[in-house]
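# Working through the structure, step by step
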Amino acid sequence: MKIISRNEELLTDTRSRIPQSSSTTIMSSCNKLIRFEDISAAAFKIQCGVQKTPCMYSRLSKQYGMDIYLKKEFLQYTGSVKERGVLYLLTSLPQDQQRKGVIVASDSNFSMAVAYHASELRIPVFVIMSTSTSPVRVKMCREYGAMVISYGTTAKDSQIHARRLAQENGYLYLEEEDSAVYLSGLGTVGLEVYEQVPKLDAVIFPAGGHCGLLAGSAATLKYLNPHISVIGVESESFPVLQQSLKAGHPAEDQACNNHHFYGDVSGVCFGSNSLQLTGKLVDKVVAVREEDILISMLRLLEYERATVDAEGAIGLAALVAGKLPELKGKRVAVVICSGNLELHLLQKCIARALTLDNTVCRFSLVISDCPGDMSKLLEILAREEARVLDIKQERTFVTSELFTVEVICTVETRDKIHTAQLRNALLERYPTTTWTQR
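Computed from a predicted structure; not experimentally measured. (Residues numbered from 1 in each chain as written. Predicted model: local features only at pLDDT ≥ 70, side-chain atom pairs only at ≥ 80, totals over all residues. Heavy atoms only, no water.)

Before going further, it helps to examine the packing of aromatic side chains. Considering all chains together, one arrives at eight aromatic pairs under this definition. Ring plane angle 15° and centroid distance 4.3 Å describe the contact between Tyr 77 and Tyr 116, whose orientation is recorded as stacked. Placement of Tyr 77 in the loop between strand S4 (67-72) and helix H4 (82-91) and of Tyr 116 in helix H6 (residues 109-120) is noted, with a sequence separation of 39 residues between them. On the accessibility criterion, Tyr 116 (13% relative accessible area) is buried. Ring centres of Tyr 116 and Tyr 144 lie 5.9 Å apart, and the angle between their planes is 65°; this geometry places the pair in the edge-to-face category. With Tyr 116 in helix H6 and Tyr 144 in helix H7 (residues 135-144), this residue pair connects regions lying 28 residues apart in the sequence. On the basis of relative accessibility, which here comes to 12%, the residue Tyr 144 falls in the buried class. (Phe/Tyr/Trp six-rings, centres within 6.5 Å; stacked < 30°, edge-to-face > 60°. Helix = DSSP H or I, 4+ residues; strand = E, 2+ residues; numbered from the N terminus. Buried < 20%, exposed > 50% of the residue type's maximum accessible area, 1.4 Å probe, protein only.)

Spelled out as structure tokens, the structure:
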């Protein structure tokens, strides 16, 4: 794949600006072209079907020592940036195929985008989902206008069934891949960011296996200004993109035990076209821990009132984790690409993030079983301005003296400093206080 631009030397020179791990990526297939004109055409064609999402200055800037602008792609109708590539892909189909219809087989953001935009374009759309799919996802696809069919117990069963139905009925089977059309649609994000934030120094994107957004947007940004740093972020648990760049080809399948949390970030690398673009145009790919992603989700909820999933928060997680110190004092845009987090998972993520952030902590101590001692403990907590979330008393399984009680208390504090102050105050009065380690 090749980018046709006014800077023809771009593709040969950028290899010196990417990490050593990706400099070995040399692809021989140059039969497909992505031109800036293609991305501009995509932007014109989809402008009435997708939101031109805001790219807003964030209050997080002061906390991390740089000017941070958040590109809020989670505000798309289906909560995902995938709508851009999907809409351009669907509008590019021949009319006879649009009349016959399309079929997909997954519960991903891609499938939901296909369900919505195909229905809006009056294209018959069928979504095959396994019986283990979340009922919420099934309901959403149906509300978008798709015919949803439950089949099989695994995603592979659903895919086989979808391909069979496509062959028998003339539907077009769609799966997320890295065609020039799909990448051009995703590349319109880079075009909007460049227009919305002048004098950009860097743009951060989610990476992982499905790196089409990173690749397509990098093509746009490097055409408009080769000096803008384009950075991808993936999970340490699933460094699919980094492994693929080192190998020079898409990495083999990896088992993903936590895909409901990571989403497409943990998927396999789906194409050499995206990989080639990434290797030649992306300046840096970094990996972050699960803890960093959870803290990032918490920061976005606290400061931006934005509820996003792991894929949406992973770009900011690189700043939270301090993985990009070279951006201090710079002007940086972060693409928040997805907000499809189910409520039960949201509850778990926020609870864990609060614990990791040391704003929710638990301790236990032993006091005498006298009427006034519990009041004294509560007085200390009130004086230190700690909010009591839960308090329990254990009498039966206490191994200390007979007339004592173990108190297990969960409290909320403002920050790490406040937590340390509370801990010191309790240890001064109750030297045997034990803090539950996270």
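Following the structure, the description resumes.
Here we have six strands laid out as an open sheet, ordered S3-S4-S12-S9-S10-S11, and mixed in their pairing. Strand pairing shows two members of the sheet lacking a second neighbour, strand S3 (55-57) and strand S11 (284-288), which therefore form its edges. Averaged over all pairs of adjacent strands, the angle between strand axes in this sheet comes to 25°, irrespective of strand direction. Pairing of strand S10 (residues 229-235) with S11 involves five bridges; the strand directions are parallel. Pairing of Glu 234 across the sheet is with Ala 287, part of S11. (Pairing = 2+ DSSP bridges. Axes fitted to C-alpha atoms, helices over the stretch in contact; angles between N-to-C directions.)

Outside of glycine, negative phi angles account for most residues, and trans bonds account for most peptide bonds. In this structure, Arg 305 takes a positive phi of about 55° despite not being glycine. Locating Arg 305 in the fold gives a position in the loop between helix H15 (290-304) and helix H16 (310-320). One non-glycine residue, Glu 385, lies in the positive phi region at around 60°. Mapped onto the elements, Glu 385 comes out in the loop between helix H18 (371-383) and strand S14 (387-394).

With that out of the way, let us pick up a nonpolar patch on the surface. A grouping of Leu 378, Val 388 and Ile 391 is seen on the molecular surface, where their side chains present a nonpolar patch of about 200 Å² in accessible area. On the secondary structure map, Leu 378 appears in helix H18. Accessibility expressed as a relative area gives 38% for Leu 378, which makes it partly exposed. (Patch = residues over 30% accessible without salt bridge, like charges linked within 9 Å, V, L, I, M, F, W, Y side chains within 5 Å. Areas by Shrake-Rupley, 256 points an atom, 1.4 Å probe, with all protein chains shown as cover. Salt bridge = Lys/Arg side-chain N within 4 Å of Asp/Glu carboxyl O.)

Following the sequence through the fold, Asp 309 ends up in the loop between H15 and H16. Although Asp 309 lies buried, it forms no salt bridge, and the closest oppositely charged side chain, Arg 137, sits 5.5 Å away as judged by the N-O distance. A polar atom in the side chain of Asp 309 sits 3.3 Å from the backbone nitrogen of Asn 340. If we skip the residues at most four places from it in the chain, Asp 309 touches Asn 109, Met 297, Ser 338, Gly 339, Asn 340 and Leu 341. (Lys, Arg positive; Asp, Glu negative; His and termini not counted. Polar contact = N/O pair within 3.5 Å; in protein donor to acceptor, adjacent residues only side chain to side chain. Contact = heavy atoms within 4.5 Å.)

On to helix H19 (residues 416-429), then. In this model H19 runs 20 Å from its N-terminal to its C-terminal C-alpha over 14 residues, within 8% of the 20 Å that 1.5 Å per residue would give. If you check which residues of H19 are buried, you get His 418, Thr 419, Leu 422, Ala 425 and Leu 426. Considered in projection along H19, the buried side chains sweep an arc of 130° and stay on one side of the axis. Within H19, the exposed residues directed more than 90 degrees away from the buried face are Lys 416, Ile 417, Asn 424 and Glu 428. Looking at the buried positions of H19, the neighbouring elements they touch are strand S13 (360-368), H18, strand S15 (404-412) and strand S16 (434-435). Its side-chain oxygen at 3.2 Å from the backbone nitrogen of Ile 417, Asp 415 defines the N-terminal cap of H19. (Expected span 1.5 Å × (residues − 1). Arc of directions from axis to C-beta.)

A word on the environment of Ser 237. Here Ser 237 lies in the loop between S10 and helix H12 (240-247). A C-alpha to C-alpha distance of 7.8 Å links Ser 237 and Glu 290, two positions 53 residues apart in sequence.

With that out of the way, let us pick up the nonpolar core. Residues Ile 204, Ile 293, Leu 319, Leu 327 and Val 334 are the most contacted members of the largest nonpolar core, which totals 44 residues. Counting residues per element, this core draws most heavily on H16, which supplies seven residues. Non-local contacts of Ile 293, meaning those with residues more than four positions away in its chain, are made with Phe 261, Tyr 262, Val 288, Ala 310, Ala 313, Ile 314 and Ala 317. In this structure, Val 189, Ala 207, Leu 241 and Leu 277 belong to the second largest nonpolar core, which totals 32 residues. (Core = buried A, V, L, I, M, F, W, Y, C linked by side-chain atoms within 4.5 Å.)

Viewed as axis vectors pointing N to C, helix H2 (residues 36-46) and H4 meet at an angle of 90°, and their least axial separation amounts to 10 Å. Regarding the angle of H2 to H4, the classification is roughly perpendicular. Only Arg 84, Leu 87, Tyr 88 and Thr 91 of H4 make contact with H2, whose side of the interface consists of Asp 38, Ala 41, Ala 42, Lys 45 and Ile 46. Tallied by class, the residues present in the contact of H2 with H4 amount to five nonpolar, one polar and three charged. (Parallel < 35°, antiparallel > 145°, perpendicular 65-115°, else oblique. Nonpolar A, V, L, I, M, F, W, Y, C, P; charged D, E, K, R; others polar.)

Now for the sheet that holds S16. Where strands meet in a sheet, backbone hydrogen bonds hold them as pairs that are either parallel or antiparallel. Read across the open sheet, the four strands follow the order S14-S15-S13-S16; overall the sheet is antiparallel. One side of each edge strand has no neighbouring strand; the edge strands of this open sheet are S14 and S16. Against the sheet, H18 touches S13, S14 and S15, its axis set at about 150° to S13.

For the rest of this paragraph, the subject is the side chain of Arg 299. Along the polypeptide, Arg 299 turns up in helix H15. Take Arg 299: its relative accessible area is 9%, and that puts it in the buried class.

This part is about H4. Counting buried residues in H4 gives nine out of ten residues, a clear majority hidden from the surface. For H4, the set of buried residues is Lys 82, Glu 83, Arg 84, Gly 85, Val 86, Leu 87, Tyr 88, Leu 89 and Leu 90.

Applying the stated rule across the entire model yields 18 salt bridges. Across the pair Lys 52 and Glu 195 runs a salt bridge whose closest N-O atoms are separated by 3.5 Å. Linking Lys 52 in the loop between H2 and S3 with Glu 195 in helix H10 (residues 188-196), this pair joins segments that are 143 residues apart in sequence. Across the pair, Glu 195 and Lys 52 agree in class, each one exposed. Salt-bridge contacts for Arg 137 lead to Glu 342; the nearest nitrogen and oxygen are separated by 3.8 Å. Note that Arg 137 is positioned in helix H7 and Glu 342 in the loop between strand S12 (331-336) and helix H17 (343-356), a separation of 205 residues in sequence. Just as Arg 137 is buried, Glu 342 falls in that class too. Ionic contacts of the salt-bridge type, sharing partners, join the residues Lys 71, Glu 73, Arg 84 and Glu 192 into one network.

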